[in-house]
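Residue-level structure breakdown
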Amino acid sequence: MSELHKFLFEGLPVRGMLVRLTDAWGDLLARRGVERAYPQPVRELLGEMSAAAVLMQANIKFDGALILQLHGDGPVKLAVAEAQPDLALRATATLVGTVEPGSGLEALVNPHGRGRCAITLDPRQRLPGQQPYQGVVPLHGDRREPLAELAQVLEHYMLQSEQLDTKLVLAADDKIAAGLLIQRLPVEGAGNLGDAGERNEDGIGRSEDFKRIAMLAGTLTRAELLSLDADTLLRRLFWEENLRRFAPLSGANGPRFACSCSRGRVARMLAGLGRDEFDSLIAERGEADVTCEFCGARYRFDAVDSAEVFSPPRDQPPTSRAVQ
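These numbers were taken from a predicted model, which means no experiment stands behind them. (Residues numbered from 1 in each chain as written. Predicted model: local features only at pLDDT ≥ 70, side-chain atom pairs only at ≥ 80, totals over all residues. Heavy atoms only, no water.)

**Focus: the overall build of the protein chain**
The following threshold applies: Put simply, DSSP H or I for four residues or longer makes a helix, DSSP E for two residues or longer makes a strand, and each gets a number counted from the N terminus. Contacts are assigned to residue pairs with any non-hydrogen atoms lying within 4.5 Å of each other. Areas reported here follow the Shrake-Rupley algorithm with a probe of radius 1.4 Å; residue values treat only the protein chains shown as occluding.
Looking only at helices and strands, one finds ten helices and 14 strands in the protein chain. Long-range pairs, those at least 24 residues apart, make up 62% of the contacts in the protein chain with a sequence separation of at least 6. Summed over all atoms, the accessible surface of the protein chain reaches about 16,200 Å², with 50% contributed by carbon and sulfur.

Right, dumping it as structure tokens:
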């Protein structure tokens, strides 16, 4: 069962989280089916993105969707992982070229140096005029060196956006997607263990406790992250540290696959085409057939449905059935 574990290092300004996506990751891959299955490097990238999205959502406790996106200039044009406040997650990727076996992050999304990572926070209840917050970073470091791993990109992002030292370890295969996050606690707010006169950025790179724990986390291998259970992994890494662990989140309260698509949302998207274009599409094909890229659900709209899509809500006739 997929689980999220949270813990604190007692007496130290450091916190951590460990996520293991098993059934949630399996459900997500199964939705693609055999014919639409992603190449292995893309599956691994999406798995790492899914684990990272859950960790980041749980870390900030945001009341809305956290959307992690990679925009690429390679064979992966776009990769998306989305985590909701209740840790429901979904992910998808758009491919435009051939993916070579063993391709890493740079070959997949950044061969020409124009790849970008975007993190969007979309509030569940938006105020009038409120827009989602989005932060965008390139896929290179301060010296413009290409970053070889997603974990490095996100560490760089969090250092810039939150001014907090962060260590991430991510890995995925066809059975599990997992991630470990270690972060220096902010000097303001709950759990403050630092000088009240400090700012978050003042502590960058200065915490010897964080450096030591991050170094321990950095010894974790991909094979260990994918194969060890939470108790064994944390004991193997931090057996000399005093951890305060919280009850793991799993099942209905933990990470799980879920898609927020619906016939109504697809209808609103089609309405954005305009009635003339929509009716032209129906006349040409007999129906509009839309498949959700996240979950594979199919929604069909015929000529009768045109009145439903473009009529005011009070005049809408009963909807026709969607093919799921």
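Right, picking up where we left off after that structure.
**Quick look at helix H8 (residues 263-271)**
The criterion, for reference: Only protein chains enter the accessibility calculation, which uses a 1.4 Å probe; a residue is then buried when its area is under 20% of its type maximum, exposed when over 50%, and partly exposed in between. An arc is given here, and it is the one of the directions from the helix axis to the C-beta atoms.
For H8, the full list of buried residues reads Arg263, Val266, Ala267 and Leu270. Down the axis of H8, the sector holding all buried residues measures 105 degrees, keeping them to one side.

**Digging into the side chain of Ser207**
Checked against the element boundaries, Ser207 lands in the loop between strand E9 (177-184) and helix H5 (208-217). Once you skip the residues sitting within four places of it in the chain, Ser207 turns out to touch Pro13 and Arg184.

**Quick word on the side chain of Thr120**
Let me state the cut-off plainly: N or O atoms within 3.5 Å of each other form a polar contact, as long as, within protein, one can give a hydrogen and the other can take it, and as long as residues adjacent in sequence are counted only when both atoms are side-chain atoms.
If you trace the backbone, Thr120 turns up in strand E6 (residues 116-123). Look at Thr120 and you get buried, because its relative accessible area is 10%. A distance of 2.8 Å separates polar atoms of two side chains, one belonging to Thr120 and the other to Gln134. Every residue in contact with Thr120, bar those within four places of it in the chain, is listed here: Ala65, Leu66, Ile67, Gln69, Pro132, Tyr133 and Gln134.

**Concerning the pattern of salt bridges**
Any two side chains of opposite charge can pair, given that their charged atoms come close. Our working definition: For salt bridges, the criterion is a side-chain nitrogen of Lys or Arg within 4 Å of an Asp or Glu carboxyl oxygen.
For the structure on display, the rule yields 15 salt bridges. Between Asp86 and Arg256 there is a salt bridge, with its nearest N and O atoms 2.8 Å apart. You can see Asp86 sitting in the loop between strand E4 (76-83) and strand E5 (88-95) and its partner Arg256 sitting in strand E12 (residues 256-257), a full 170 residues away along the chain. The partly exposed category is assigned to Asp86, whose relative accessible area is 36%. For Asp209, the salt bridge is made with Arg212, and the minimal N-O distance between the two is 3.3 Å. With Asp209 and Arg212 both in helix H5 and three residues apart, the pair spans about one turn of that helix. Relative accessible area serves as the criterion here: at 26%, Asp209 is assigned to the partly exposed category. For Arg212, a relative accessible area of 31% corresponds to the partly exposed category. Salt bridges linked by common partners bring Arg32, Arg36 and Glu293 together as one network.

**Points about the pairing of strand E8 (residues 166-172)**
What counts here: A strand pair is defined by DSSP finding two or more bridges across the two strands.
Of all the seven residues making up E8, six are buried; the element is thus mostly covered by neighbouring parts of the structure. Looking at chain direction, E8 and E9 are connected through seven bridges and run antiparallel. If you follow Val169 over to E9, its bridge partner there is Leu180. Hairpin connection between E8 and E9: a loop of four residues separates the two successive antiparallel strands.

**Considering the sheet that holds E5**
Quick note on the threshold: Axes, fitted as lines to C-alpha atoms, cover a helix only where it is in contact. Angles between the N-to-C directions of the axes lie from 0 to 180 degrees.
With mixed pairing, six strands are arranged side by side in an open sheet as E7-E6-E3-E4-E5-E12. Each of the sheet's edge strands pairs with one partner strand only, and the pair in question is strand E7 (133-138) and E12. Where strand E3 (residues 64-71) and E4 come together, six bridges link them in antiparallel fashion. Residue Ile67 lies in a different strand from E4, and its bridge partner there is Glu82. The strands touched by helix H2 (residues 40-60) within the sheet are E3, E4, E5 and E6, with E3 carrying the most contacts at an inclination of about 145 degrees.

By themselves these figures say nothing about function.
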